[in-house]
Amino acid sequence: MEIPENRVIKINYENDDLSRPVKDLRPVVWVDEQGYSCLLGPDPQEGIIGTGSSVAAALADWEQQLKERVRAAGASDELAQYVIDTLRISKDDVW
């Protein structure tokens, strides 16, 4: 899915106010006529998407959708497995 650059909201993923899933997975956030959307994955059908009337609301909805996707994930859900693996690894484990 291509999102026009002028609609993408720049997020400082190092901000301490953000949750670990947002910081580690870095979903793209954009604005359109309906409000704000937040997506991890190739498109809304295959990915994990959240929506809201503000950036914070879209991120909160995205986190809820992320939790539900991981909870219901089967072994063939590559995106959910990526999320699980990414969040399981600590930066301290790498180096």
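As the structure is a computational prediction, the values presented were derived from the model and not from experiment.

What counts, and at which threshold
- Residues numbered from 1 in each chain as written.
- Predicted model: local features only at pLDDT ≥ 70, side-chain atom pairs only at ≥ 80, totals over all residues.
- Heavy atoms only, no water.
- Helix = DSSP H or I, 4+ residues; strand = E, 2+ residues; numbered from the N terminus.
- Buried < 20%, exposed > 50% of the residue type's maximum accessible area, 1.4 Å probe, protein only.
- Areas by Shrake-Rupley, 256 points an atom, 1.4 Å probe, with all protein chains shown as cover.
- Pairing = 2+ DSSP bridges.
- Contact = heavy atoms within 4.5 Å.
- Axes fitted to C-alpha atoms, helices over the stretch in contact; angles between N-to-C directions.

Within the protein, the secondary structure is distributed over four helices and four strands. By principal-axis analysis of the C-alpha atoms, the protein measures approximately 40 × 30 × 20 Å. A total of 95 residues make up the protein; the buried ones form 34% of that total. By element, 49% of the accessible surface of the protein is carried by carbon and sulfur atoms, the whole surface being about 6,300 Å².

Remark: a regular strand shows side chains that alternate across the two faces of the sheet. Residues Ile48, Gly50 and Gly52 of strand E4 (residues 48–52) are buried on one face, while the alternating residues Ile49 and Thr51, pointing to the opposite face, are not. The pairing of strand E3 (residues 35–40) with E4 spans five bridges and is classified as antiparallel. Bridge assignment links Ser37 to a residue of E4, and that residue is Thr51.

Here strand E1 (residues 8–9) runs beside strand E2 (residues 28–32); their pairing, made up of two bridges, is antiparallel. Bridging across to E2, Ile9 finds its partner in Val29. Looking at chain direction, E2 and E3 are connected through five bridges and run antiparallel. Residue pairing across strands places Val28 opposite Leu39, the latter belonging to E3. Here E2 folds back onto E3, and the loop between the two strands holds two residues.

The next thing to look at is the sheet that holds E4. Taken in spatial order, the four strands make up an open sheet running E1-E2-E3-E4, and their pairing is antiparallel. Here the strands that pair on one side only, and so sit at the sheet edges, are E1 and E4. Set on the sheet, helix H2 (residues 55–72) makes contact with E1, E2, E3 and E4; between it and E4 the angle comes to about 145 degrees.

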